[in-house]
Amino acid sequence: MNRDFLRFAMIDTLAVRDMTFVLEAQEWNTIGDADLNNACLRWDESEHPFKPVATLRIPSQTFWPQAGLAKKMFEAMSDLVSLGENMSFNPWHGLDDHEPLGSINTTRRWVYRDIARFRRDANHINAAAMPEVQHRSWDELQPYVQLGQIT
């Protein structure tokens, strides 16, 4: 399978229509330490149903630099691609109340950290400069971006 399969699928899909994703989560109110660290425990959906917590809407758009675009748009998209390639996200970038719990998530935290470090190293990005690079790049690109579309 082509390593860019998902990117190409997104390019083709978003060229013709919006995409909407409903994000759901199970709430567990009666959790104990033993349950928290038992990855084999299946949560009973009748007691802990999935509930919608957010809706993500991605408007139809061209988001990848390609031949035939105006120079300004091509350059802005190229900058956004570069920014996206060097950013890192993980569940610990959110609110303290939403912090993933348990020993498996502790391990995931280390894996997320190490993957981000590997990616920055492979892209020759200084980790100490990343927050500044992310914010400066967004500030430079923001005037071109409206509602998720480059104008």
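Some details on the overall build of the protein chain
- Secondary structure summary: the protein chain contains 5 helices and 4 strands in total.
- Reading the protein chain from its N end, one meets helices and strands in the order α-β-α-β-α-α-α-β-β.
- Out of the 151 residues in the protein chain, the part that is buried amounts to 17%.
- Of all intrachain contacts in the protein chain linking residues separated by at least 6 positions in sequence, the fraction that spans at least 24 positions is 65%.
- Accessible surface for the protein chain amounts to roughly 11700 Å². Of this, 55% is attributable to carbon and sulfur atoms.

Side note on the pattern of salt bridges
- All told, the structure shown has 7 salt bridges when counted by the stated rule.
- The closest approach of N and O atoms between Asp-4 and Arg-7, which form a salt bridge, is 3.0 Å.
- Three or more residues joined by partner-sharing salt bridges are found here, namely Arg-3, Asp-4 and Arg-7.

Considerations on the environment of Pro-49
- You can see Pro-49 is positioned in the loop between helix 2 (33-36) and strand 2 (50-58).
- Residues Pro-49 and Ala-25 lie 24 residues apart in sequence; the distance between their C-alpha atoms is 8.1 Å.
- Discounting chain neighbours no more than four positions away, the residues touching Pro-49 are Ala-25, Gln-26 and Glu-27.

Some words on helix 3 (residues 71-86)
- Across its 16 residues, helix 3 extends 23 Å between first and last C-alpha, which sits within 8% of the 22 Å expected from 1.5 Å per residue.
- By the burial criterion, the buried members of helix 3 are Ala-76, Met-77, Val-81, Leu-83 and Asn-86.

Concerning the side chain of Gln-61
- Assignment of secondary structure puts Gln-61 in the loop between strand 2 and helix 3.
- A relative accessible area of 14% means that Gln-61 is categorised as buried.
- Among the polar contacts listed, one links the side chain of Gln-61 to the backbone oxygen of Pro-59, at a separation of 2.9 Å.

Quick look at the packing of aromatic side chains
- With the rule as written, the count across this model stands at 1 aromatic pair.
- Centroid distance Trp-92 to Tyr-112: 6.0 Å. Interplanar angle 75 degrees. Geometry classified as edge-to-face. With Trp-92 in the loop between helix 3 and helix 4 (103-122) and Tyr-112 in helix 4, this residue pair connects regions lying 20 residues apart in the sequence.
- Trp-92 gets classed as buried once you look at its relative accessible area, which sits at 15%.
- One Lys or Arg, Arg-7, reaches over the ring of Phe-8 and ends 5.0 Å from the middle of that ring.

Comments concerning the confidence of the model for the protein chain
- Mean pLDDT over the protein chain: 78, with 79% of residues reaching 70 or higher.
- By mean pLDDT, strand 4 (residues 149-150) is the weakest element of the protein chain at 42, and strand 2 is the strongest at 93.
- Confidence drops under pLDDT 50 across residues 145-151; counting only partners more than four residues distant or on other chains, this segment forms 17 contacts.

Re a nonpolar patch on the surface
- Residues Phe-21, Leu-23, Val-53 and Leu-56 make up a contiguous nonpolar surface patch of roughly 360 Å² in combined accessible area.
- When residues of the nonpolar patch are traced back to their parent elements, those giving at least two are strand 1 (19-26) and strand 2.
- Relative to the assigned elements, Leu-23 resides in strand 1.
- According to the relative accessible area criterion, Leu-23 is partly exposed, its value standing at 43%.

Comments concerning the environment of Ile-58
- Relative to the helices and strands, Ile-58 resides in strand 2.
- Note on Ile-58: relative accessible area 22%, which makes it partly exposed.
- Each C-alpha atom of the pair Ile-58 and Arg-17 lies 9.1 Å from the other, and the pair is 41 residues apart in sequence.
- If near-sequence neighbours (up to four positions away) are discounted, Ile-58 is found in contact with Leu-14, Asp-18, Met-19 and Phe-21.

What counts and what doesn't
- Residues numbered from 1 in each chain as written.
- Predicted model: local features only at pLDDT ≥ 70, side-chain atom pairs only at ≥ 80, totals over all residues.
- Heavy atoms only, no water.
- Helix = DSSP H or I, 4+ residues; strand = E, 2+ residues; numbered from the N terminus.
- Buried < 20%, exposed > 50% of the residue type's maximum accessible area, 1.4 Å probe, protein only.
- Contact = heavy atoms within 4.5 Å.
- Areas by Shrake-Rupley, 256 points an atom, 1.4 Å probe, with all protein chains shown as cover.
- Salt bridge = Lys/Arg side-chain N within 4 Å of Asp/Glu carboxyl O.
- Expected span 1.5 Å × (residues − 1).
- Polar contact = N/O pair within 3.5 Å; in protein donor to acceptor, adjacent residues only side chain to side chain.
- Phe/Tyr/Trp six-rings, centres within 6.5 Å; stacked < 30°, edge-to-face > 60°.
- Lys NZ or Arg CZ within 6 Å of the ring centre and 35° of its normal.
- pLDDT = per-residue confidence, 0-100.
- Patch = residues over 30% accessible without salt bridge, like charges linked within 9 Å, V, L, I, M, F, W, Y side chains within 5 Å.

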